[in-house]
Amino acid sequence: MLTIFVRTALIFLFLHGILKIMGKREIGQLEVDELISTLLISELAALPINDPDIPLLYTVVPISLIVGFEILLSYIKNKSRAVEILTEGEPEYLVFRGRLMQSALAKNRISLSEFLSQLRLSGVTSLSDLDYVILEQSGQMSVILKEEKQPLTAESLSGGGGGLSHPLILDGKVIYNNMKALGYTEKWLNGVLMERGVKRQGVFFLSIDDGGNIVLIETDSQVDRRKVPKAVLIAGIALFLITGAVIGNDIFIRNAVRETERKVEAVSAGITAEEARQLYGEFLDLERTIALSVNHEDLTHVEESFADFVGCAEAQDTAALLQAKSRLSDALMHLGRLSGLKFDTLF
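Residues numbered from 1 in each chain as written. Predicted model: local features only at pLDDT ≥ 70, side-chain atom pairs only at ≥ 80, totals over all residues. Heavy atoms only, no water.

## With respect to the overall build of the chain
Here is step 1: If you tally the helices and strands in the chain, you get 14 helices and eight strands.
Here is step 2: Counting the 347 residues in the chain, one finds 38% classified as buried.
Here is step 3: Looking at the chain alone, contacts between residues at least 24 apart form 63% of all its contacts between residues at least 6 apart. (Helix = DSSP H or I, 4+ residues; strand = E, 2+ residues; numbered from the N terminus. Buried < 20%, exposed > 50% of the residue type's maximum accessible area, 1.4 Å probe, protein only. Contact = heavy atoms within 4.5 Å.)

## Observations concerning the pattern of salt bridges
Here is step 1: A full pass over the atoms with the stated rule returns 13 salt bridges.
Here is step 2: Where Lys107 meets Glu92, a salt bridge forms, and the shortest distance between an N and an O atom there is 3.6 Å. Taken together, the positions of Lys107 in helix 5 (residues 102–107) and Glu92 in strand 1 (residues 92–96) put the pair 15 residues apart, joining distant regions of the chain.
Here is step 3: Exposure remark for Lys107: the relative accessible area of 58% places this residue in the exposed category.
Here is step 4: Relative accessible area serves as the criterion here: at 16%, Glu92 is assigned to the buried category.
Here is step 5: As a salt-bridge pair, Asp285 and Arg288 come within 3.0 Å of each other at their nearest N and O atoms. Residue Asp285 and its partner Arg288 are both found in helix 11 (residues 273–290); the two are separated by three residues, about one turn of the helix.
Here is step 6: Among the residues examined, Asp285 registers a relative accessible area of 49% and is labelled partly exposed. (Salt bridge = Lys/Arg side-chain N within 4 Å of Asp/Glu carboxyl O.)

## Considering the packing of helix 3 (residues 57–79) against helix 10 (residues 230–265)
Here is step 1: Orientation of helix 3 relative to helix 10, taken along the N-to-C sense of each, is 140 degrees, at an axis distance of 9 Å. Here helix 3 and helix 10 pass one another in a crossing that is left-handed. When helix 3 is examined against helix 10, the residues Val61, Ser64, Leu65, Gly68, Phe69, Ile71, Leu72 and Tyr75 are found in contact with a partner set consisting of Ala231, Val232, Ala235, Gly236, Leu239, Ile242 and Val246.
Here is step 2: For the contact of helix 3 with helix 10, the class distribution of residues is 12 nonpolar, three polar and no charged. (Axes fitted to C-alpha atoms, helices over the stretch in contact; angles between N-to-C directions. Left-handed = near helix turned anticlockwise from the far one by under 90°. Nonpolar A, V, L, I, M, F, W, Y, C, P; charged D, E, K, R; others polar.)

## Overview of the sheet that holds strand 6 (residues 173–174)
Here is step 1: Strand order across the open sheet formed by four strands is 6-5-7-8, with antiparallel pairing between neighbours. Two strands in the sheet have a free side with no partner beyond their single neighbour: strand 6 and strand 8 (214–218).
Here is step 2: Direction of pairing for strand 5 (residues 165–170) relative to strand 6: antiparallel, over a ladder of two bridges. Counterpart to Leu170 in the pairing with strand 6 is Lys173. (Pairing = 2+ DSSP bridges.)

## Some details on the nonpolar core
Here is step 1: With 31 residues, the main nonpolar core has Leu94, Ile110, Phe115, Val133, Met141, Leu189 and Leu206 as its most contacted residues.
Here is step 2: No other element matches the five residues that strand 3 (residues 130–135) contributes to this core.
Here is step 3: Once residues within four sequence positions are removed from consideration, Phe115 is found in contact with Leu94, Val95, Leu100, Leu105, Ile110, Leu127, Val133 and Met141.
Here is step 4: One finds Ala276, Val302, Ala324 and Leu335 within the second-largest nonpolar core, a separate group that totals 24 residues. (Core = buried A, V, L, I, M, F, W, Y, C linked by side-chain atoms within 4.5 Å.)

## Here's the deal with the sheet that holds strand 1
Here is step 1: Here we have four strands laid out as an open sheet, ordered 2-1-3-4, and antiparallel in their pairing. The sheet terminates laterally at strand 2 (99–100) and strand 4 (141–145), the two strands that pair on one side only.
Here is step 2: Pairing between strand 1 and strand 2: two bridges, direction antiparallel. Within strand 2, the residue paired with Phe96 across the bridge is Arg99.

## Here's the deal with the packing of aromatic side chains
Here is step 1: By the definition in use, this model includes seven aromatic pairs.
Here is step 2: With a centroid separation of 4.0 Å and an interplanar angle of 20 degrees, the aromatic rings of Tyr184 and Trp188 are classed as stacked.
Here is step 3: Their ring planes at 15 degrees and their centres at 4.9 Å tell us that Tyr280 and Phe306 sit as a pair that is stacked. Taken together, the residues span a long stretch of sequence, with Tyr280 in helix 11 and Phe306 in helix 12 (residues 296–315) at a distance of 26 residues. Of the two residues, Tyr280 and Phe306, both sit in the buried class.
Here is step 4: These aromatic residues form a ring-pair network of at least three members: Tyr280, Phe283, Phe306 and Phe309. (Phe/Tyr/Trp six-rings, centres within 6.5 Å; stacked < 30°, edge-to-face > 60°.)

## Topic: helix 3
Here is step 1: Taking 1.5 Å per residue as the helical rise, helix 3 with its 23 residues ought to reach 33 Å, and the 33 Å between its terminal C-alpha atoms agrees with that figure.
Here is step 2: Of all the positions in helix 3, only Tyr58, Thr59, Val61, Pro62, Ile63, Leu65, Ile66, Gly68, Leu73, Tyr75 and Lys77 are classed as buried. (Expected span 1.5 Å × (residues − 1).)

## Some words on the pairing of strand 4
Here is step 1: Across five bridges, strand 3 lies against strand 4 in antiparallel orientation. Across the sheet, the residue bridging to Val133 is Val143, located in strand 4.
Here is step 2: A loop of five residues connects strand 3 with strand 4, the two strands running antiparallel in sequence, and Gly139 in this loop sits at a positive phi of about 95 degrees.

## Regarding the side chain of Asp131
Here is step 1: Within the fold, Asp131 resides in strand 3.
Here is step 2: Put simply, Asp131 is tucked away with no salt bridge, and the nearest opposite charge, on Arg97, sits 6.6 Å away.
Here is step 3: Excluding residues within four positions of it along the chain, Asp131 makes contact with Val95, Phe96, Arg97, Gly98, Ile144, Leu145, Lys146 and Asp210. (Lys, Arg positive; Asp, Glu negative; His and termini not counted.)

Here you go:
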């Protein structure tokens, strides 16, 4: 079970890296983490349905692990801008103030024909109509037309439109990429905050549009941002308990199998049928617990070897008994290999 636990974590991280490398345009509607979780959970949920030999815990534990990872990772991303960028990336300008950013297209492996196709689907027929195109973290493109190409509104008729709003501070974290793209410096930002009499730590959101209009929202003092949400606490406790249960379960199985294996190895050619049946009965008592987290097919192999072993003891066939003992030892050794974390079972 510990092997399944660790392999699930490795696959989750592996898929995360692969989808990150593939780029935003491959993701579509879902965020990277949501897509990974959806792929893994749907596949894991089908395993015990398709194969009755697979214990339910083979599905319950990995799915619980994935859900816990998802909740904890979302919390960490909200707390750390660096982790958010690493896992999700950032929105990128493909068109900035009417200028096509060819380097951004090349970086995201978006051909010009594909880009134009997406624009047509958004109802844009000419590149000259564009003011901004932003590739969002989800892989979708946000298209903003130049002011004269946008539908008329009361605000635009009165000359109050300011163009696209660019976030410079999100949830108290400075968006340095936007600052650089817009040509603003940290000194300018500090000056803006000083004019309004607020410290950077007290700013929840700050944006500036193309008309120079600034929107500033201070952090709500009544909201305790140090408090960990209940869902995160539950996920953390659940992962801790699941990890402890998985490790404890593997230790129990490993010790139980080793003890049975030791007793089998100590068997002499003169073992009676009653002693063989007693040894088999002791294993069957342990099997009720082992079967919760071990593939039933592997247990069936041990049962068959044990039945053969008991049959040879009843027939008092010494040569066949020694062969059955060897097969039983091999079956128990294989069952023991499945518990614990080993390189050969992990990969």
